[in-house]
Amino acid sequence: MDWDQDVASPAVPALPSDGSLSGVVREIFTATNEVAGADFDQFRDVLNSHFYPASVEPLDQHPALVGPALSALHLRHMTIAHVRFGAAARVDPGDLTGYHVNVPLRGIVLSGWGDQRISASPREAAVFSPGAHTMLARWEPDATQLCIKLNRNAVETELAGLLGHSVTRPIEFDLGFPLDRGAGLRWTSLLTTLLQHAHAARAGHKGSVVELLERSLLTDLVMAQRHSYSEELNAEAQTISNREVAQVVELVQRAPESPYTVSDLARAAGVSARSLQASFHKHMGVSPMAYLRQVRLERAHEDLQLGRGRVSEVAYHWGFTNLGRFATLYQERFGELPSATIARL
């Protein structure tokens, strides 16, 4: 399922990493370790302060933490923490009140939710939902994870926008989320981009795109990972009238710089994202997000012709978070690079 979310790989101030998720994590979290030199009880207290009141127990009688690591980013819709115990442990959060994703970067964590069990690894994340018991039965000493606590209302709001109606019961995700292919690779790439932007914003760079990337990560999760609403989400699109399409066109024309996701546009029309997608292709010849991109390009072109800022300033203002992709799209549409347009002033 691909509804043309144009948010992948935004340009950010360069980080001296290899560009992979693990490389970006090293650069962002290494200098902010909150548990260097901590004992097991201290580690548990810091972990619980960022997440849930979980039971955290060592699996060895006299645990000595070897290279423990824990540091966290608290964003608007999620908390992302880099966690390594350095000793075998069991974590029992019980029944979660929200949604949670653990992304192993190294090692194995035996993970369970309800009657589902997986060995979470760098190839397969674990996605937890409210409504059943969550258990990390064995967290290996060297296992390192990104532990991502998601705001429940934010997740369900994104899904509601895609469905075209409110979500009345918790989403029950499949526990295992493959990360080494297809939608899982895309989701990991988007997570990497979010971390880069969140780090740049924390360092004082432009941070307005962070919330859009958070919401896009939530949208991609409910689109990519199978769950209790997946059948409805993938149901055949219903035909909608020109009126709903016109509402979205008007919204986009009025404020194309706004940080829209596909769920925002569907919600504005009062229909499901799949129905809006199908009708937009029928009446406009493009997807809703592609139409939004076209309008943004036209506005950016006008601003550059009139000298209303540098290329980066204009691109960011009109919602282009990837300067390289902006330049490519601009050249395809107008036959020259944005810098060439400015050079003629």
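Since the model is a prediction, treat every value here as computed from it, not as a measurement.

Rules and cut-offs
- Residues numbered from 1 in each chain as written.
- Predicted model: local features only at pLDDT ≥ 70, side-chain atom pairs only at ≥ 80, totals over all residues.
- Heavy atoms only, no water.
- 1 Å grid on protein atoms, 1.4 Å probe; cavity = no way out; pocket = protein on both sides within 12 Å on 5 of 7 lines; lining within 4 Å.
- Points joined across faces, edges and corners; volume = space filled by probe spheres on them.
- Helix = DSSP H or I, 4+ residues; strand = E, 2+ residues; numbered from the N terminus.
- Pairing = 2+ DSSP bridges.
- Axes fitted to C-alpha atoms, helices over the stretch in contact; angles between N-to-C directions.
- Contact = heavy atoms within 4.5 Å.
- Phe/Tyr/Trp six-rings, centres within 6.5 Å; stacked < 30°, edge-to-face > 60°.
- Buried < 20%, exposed > 50% of the residue type's maximum accessible area, 1.4 Å probe, protein only.
- Core = buried A, V, L, I, M, F, W, Y, C linked by side-chain atoms within 4.5 Å.
- Expected span 1.5 Å × (residues − 1).

A. Region of the structure containing the layout of surface pockets. Approximately 240 Å³ is the volume found for the second largest pocket. Lining the second largest pocket are 15 residues, with V25, R26, H82, R84 and T144 sitting closest to its centre. Counting only elements with at least two residues in the lining of the second largest pocket, the list comes to helix 1 (21-29), strand 2 (69-74), strand 3 (78-84) and strand 5 (99-106). Top contributing element to the lining of the second largest pocket by residue count: helix 1, with 4 residues.

B. Representation of the sheet that holds strand 9 (residues 133-139) in the model. The strand order across the open sheet formed by 5 strands is 1-4-9-6-7, and the pairing between neighbours is antiparallel. Across the chains shown, the open sheet's two edge strands, defined by having one partner strand only, are strand 1 (55-58) and strand 7 (116-120). Each neighbouring strand pair of the sheet contributes to a mean axis angle of 15 degrees, computed without reference to strand direction. With 5 bridges connecting them, strand 6 (residues 109-113) and strand 9 associate as antiparallel partners. Among the inter-strand pairings, S111 is bridged to a residue of strand 9, identified as L136. Packing of helix 2 (residues 40-50) onto the sheet brings it into contact with strand 1 and strand 4 (89-95), and relative to strand 1 it is tilted by some 155 degrees.

C. Up close: the packing of aromatic side chains. Scanning the entire structure with this criterion turns up 10 aromatic pairs. Note on F85 and W139: the rings are 4.9 Å apart at their centroids and 75 degrees apart in plane angle, and the pair reads as edge-to-face. Placement of F85 in the loop between strand 3 and strand 4 and of W139 in strand 9 is noted, with a sequence separation of 54 residues between them. Residue W139 is classed as buried on the basis of its relative accessible area of 2%. When the ring of Y99 is compared with that of F173, the centres are 5.9 Å apart and the planes differ by 85 degrees; the resulting orientation is edge-to-face.

D. Representation of the nonpolar core within the structure. Formed by 67 residues in total, the largest nonpolar core has its most connected members in V103, L146, W187, L191 and L195. Broken down by element, the residue count for this core peaks at 9 residues, all from helix 5 (residues 209-224). When neighbours within four sequence positions are excluded, W187 is seen to be in contact with V101, V103, I148, F177, L179, L217, D220 and L221.

E. Representation of the pairing of strand 5. Of all 8 residues making up strand 5, 7 are buried, and the element is well covered by its neighbours. Note that strand 5 and strand 10 (residues 144-150) share 7 bridges and pair antiparallel. Bridge pairing links P104 to Q145 in strand 10. Two elements, strand 5 and strand 8 (residues 124-128), share 3 bridges in a ladder whose sense is antiparallel.

F. Seen up close, helix 5. Here helix 5 spans 22 Å end to end across 16 residues, near enough to the 22 Å set by a 1.5 Å rise per residue. For helix 5, the tally of buried residues reaches 14 of 16 residues, placing the bulk of the element in the interior.

G. Spatial organisation of the sheet that holds strand 8. In spatial order, the strands read 2-3-10-5-8-11; together these 6 strands make up an open sheet with antiparallel pairing. Taken across any chain shown, the strands that pair with only one partner, and hence form the sheet edges, are strand 2 and strand 11 (176-178). Going from strand to strand, the sheet's axes swing by 20 degrees on average, the running direction of each strand aside. Bridge count between strand 2 and strand 3: 6 bridges; the pairing is antiparallel.

H. Quick peek at the environment of H62. Summarising the element assignment, H62 is placed in the loop between strand 1 and strand 2. Here H62 falls in the exposed class, since its relative accessible area comes to 70%. C-alpha separation for the pair H62 and R274, spaced 212 residues apart in sequence, amounts to 55 Å.

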